[in-house]
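Summary of the model geometry
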Amino acid sequence: MYKYDNYDQAIVDARVEEFRDQVKRRLAGQITEDQFKPLRLMNGLYLQLHAYMLRVAVPYGTMDSRQMHMLAHIARKYDRDYGHFTTRQNLQYNWIKLEDAPDILADLASVEMHAIQTSGNCIRNISSDQYAGAAADEVADPRPWAELLRQWSTFHPEFSYLPRKFKIAVIASDEDRAAMRLHDIGIQLVERDGVLGGKVFVGGGMGRTPMIAPEIKDFVGADDLLSYIEACLRVYNRYGRRDNIYKARIKILVHEIGADEYRRQVEEEFIEVKKLGIDPPQAEFDRIAAFFAPPAFEAGLSNEIDRSDPDFAVWLDQNVVAHKAAGYAIVNISLKPQGGIPGDASSAQIDLMADLAKEYSFDELRVTHAQNIVLPHVRKADLYAVWQKLADAGLAEANLDLISDIIACPGLDYCSLANARSIPVAQKISTRFADLGRQRELGELKLKISGCINACGHHHAGHIGILGVDRKGTENYQLLLGGSGAEDVSLAKITGPGFSEDGIVDAVETATNVYLAQRTEGERFVDTYRRIGMEPFKDALYG
Amino acid sequence: MPFMDNILRFRDDAAHDEPAVTLDSFLGQSNATAVRIEAGDDARALLPYLDRIALVEVSFPKFRDGRGYSSARVLREAGYTGELRAQGDVLVDQIPLMRRCGFDSFAPEAPVDEAVLTASLARYEHVYQAAADAQTPVWKRRHG
């Protein structure tokens, strides 16, 4: 994985000092909260319902054990002994004191980490496929491209006060594990005539107006990438709406002027931008790519796995997926224990996952947008030992992509924007469907919960989505069906009137019963919904 | 970094003393040499006239409105060498980014603490990307 050189380190260290100075000025009353807000937000520091929340960037979701241990250390020293992994492959601390924030950033900088641009109306952390470098179906490792974009976007002088936040994802497989087309810019690496390039999609997103990004460019080579993306951003910075915060995302601009007109403007801008020489030479791309060279996989390993322990076999079938190298596997660690809080992990659990990465996975971990952790390169011969250690730490829930593998935003338990709580709903659904045999009978079923229309819990992209709203002072939950953030991307539709907190749990169960009654051989929940439509579900829910 | 008449200049030439006119009036008359563009104006409308403009003042109605950063770069990329001034809700922490976009004078509505500004302009020794200033991006330093 990428290692800082002196330049990278100097930039991150300077940021720590800059923020230390900004906090000092704020605490001394030299700047107002209104003036401080955009400064702290560009360092990922939010003021939430009960305390400051700090969001730490995990670039494209990749970390080593040293970094993971530091996250545990910070949780222990400055927070309440836990952290929360997010849908943007980042980690959030919920109970931070403003005066501690500069020291936390200094601790992060000591392990090549930061909180730069994890908030604010700027280019956010670049996200990617959690199986990068391990998946058999990728045309290349997408992370060198993501790192190139990370460096280009860091303190970009022109794009630090955009109309609204800006999220970019890079993937390299036809299977989309990163919700690529629900980003402001989604890039899929493709090969054309033996040359690698990016297919560029612009204007996707969730929030109150969900949109699937249309394709804007079929192929951009690595040597043009930054110029092309700079052109995309410049058109947005100049013409994106600033009169209404809810219409300020690039998806609204692309939707209002149309993909063809947006593309025309980008192409025109690209001609100008390309003259500026902002694209680094191939040597810089090669320098970055060298950090992502495959680890030294052992040759000749056996693919045999001893399945004699039935609990292990269940976990193996559900949470372990194929690796590109013979004798290796990709391990998914579920952060969705029965009745637990999706994405939360204690300091001890974070430390344990770091230790496992060091011992069994070439010192690498990934954070997934579904709020789980991945050990990307584990020898099949070690899977049983890894599983035993995970089980001892309460981390062996065998529910990847099942109904209890729930994405949920922090909701009204933490968030100052929320209208309703998400966490208790997730806990109740997870408890209702606690029987793993029943979950496996339901098969792949992606359930996603947001506590307000900003959709941080990706409810638009859920096979089953739940949206919490405030109805005359009480929390009310709308049910949505048929969304997907994968390569079969689609937006979920609302079934009808909302439900109470307990009612929504019943409603989810009712929807799964319709599926069980109607499905044909091999159909997932979302496939059945797409085939039979909303009506049978509505009849069962409201009939 | 002289502060004169509440205008912070990073230029050696004498301050331009002709008042800036709006983009509409500028385009409607042939002899103005100073123009003020609002956040929503298209800076490219000025490109045919750059050789006779001595001052472009770019308005920042709110510090969150970042359109002026693009206006500045468009003008510098087209070869404009005259004074480029950021006026309005310009905060001290924004000035380093604005310098990188090509602004070389500032007329902030609220006073700027010069000590803070001096420190923040000196803070980052390295930058990741090429922009409208003379700083060398780190990728160029890495590869000579």
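Chains are numbered independently. Their residues run from 1 in the order of the written sequence. All chains are assigned letters beginning at A, and all ligands numbers beginning at 1, according to the order in which they are written. Only residues with pLDDT of at least 70 are given local features in this predicted model, and only at 80 or more are side-chain atom pairs given and counted; all residues enter the totals for whole chains, interfaces and linings.

1. Section: the overall build of chain A
Helix and strand definitions here come from DSSP, where helices need a minimum of 4 consecutive H or I residues and strands a minimum of 2 consecutive E residues; each element is numbered from the N-terminal end. When helices and strands are tallied, chain A shows 17 helices and 20 strands. Radius of gyration here is computed from C-alpha atoms only, and the compact-globule reference equals 2.2 Å multiplied by the residue count raised to the power 0.38. For chain A, the C-alpha radius of gyration of 23 Å lies close to 24 Å, the compact-globule estimate for 543 residues. Judged by the C-alpha coordinates and their principal axes, chain A covers about 60 × 60 × 55 Å. Counting other C-beta atoms within 10 Å of a residue's own tells you its class, since 20 or more makes it buried, 12 or fewer makes it exposed, and anything in between is partly exposed; those C-beta atoms are placed from the backbone. For chain A, the proportion of its 543 residues judged to be buried stands at 56%.

2. Considering the environment of A:Ser361
All names here are of chain A. Checked against the element boundaries, Ser 361 lands in the loop between helix 11 (347-360) and strand 14 (365-367). C-beta crowding within 10 Å serves as the criterion here: with 26 such atoms nearby, Ser 361 is assigned to the buried category. Expressed as a C-alpha distance, the spacing of Ser 361 and Arg 26, which sit 335 residues apart in the sequence, is 43 Å. For every residue pair, C-beta atoms are placed from the backbone, and the pair is scored as a contact if these atoms sit within 7 Å. With residues up to four places along the chain from it excluded, the contact list for Ser 361 reads Leu 356, Leu 375, Pro 376, His 377 and Val 378.

3. Things to note about the nonpolar core
Grouped together as the largest cluster of nonpolar side chains are 200 residues, with contacts concentrated most on A:Val202, A:Cys232 and A:Met353. Discounting residues that sit within four places of it in the chain, A:Val202 has contacts with A:Ile185, A:Ala213, A:Ile216, A:Cys232, A:Ile250, A:Val254 and A:Tyr262. Each nonpolar core comprises buried Ala, Val, Leu, Ile, Met, Phe, Trp, Tyr and Cys residues, the members being joined through C-beta atoms within 7 Å.

4. Notes on the pairing of strand 19 (residues 474-481) of chain A
Residue and element names in this part refer to chain A. With seven of eight residues buried, strand 19 lies mostly within the body of the structure. For two strands to count as paired, DSSP must find a minimum of two bridges between them. Note: strand 18 (residues 464-471) against strand 19, eight bridges, orientation antiparallel. Paired with Ile 464 across the bridge in strand 19 is Leu 481. Linking strand 18 to strand 19, which pair antiparallel, is a turn of two residues; within it Lys 472 sits at a positive phi near 50°. Here strand 19 runs beside strand 20 (residues 493-494); their pairing, made up of two bridges, is antiparallel. Paired with Leu 481 across the two strands is Lys 493, which belongs to strand 20.

5. Section: the domain arrangement of chain A
Residue and element names in this part refer to chain A. An automatic or database domain assignment supplies the residue ranges for each domain. We note that the domain assignment places domain 1 (6-109), domain 2 (127-289), domain 3 (310-392) and domain 4 (407-542) within chain A. Using C-alpha coordinates to define each centre, domain 1 is positioned 27 Å away from domain 3. Every contact between the two is made by 21 residues of domain 1 and, on the other side, 21 residues of domain 3. If you list the elements that add at least two residues to the side of domain 1 that touches domain 3, you get strand 3 (62-63), helix 3 (65-78) and strand 4 (82-85).

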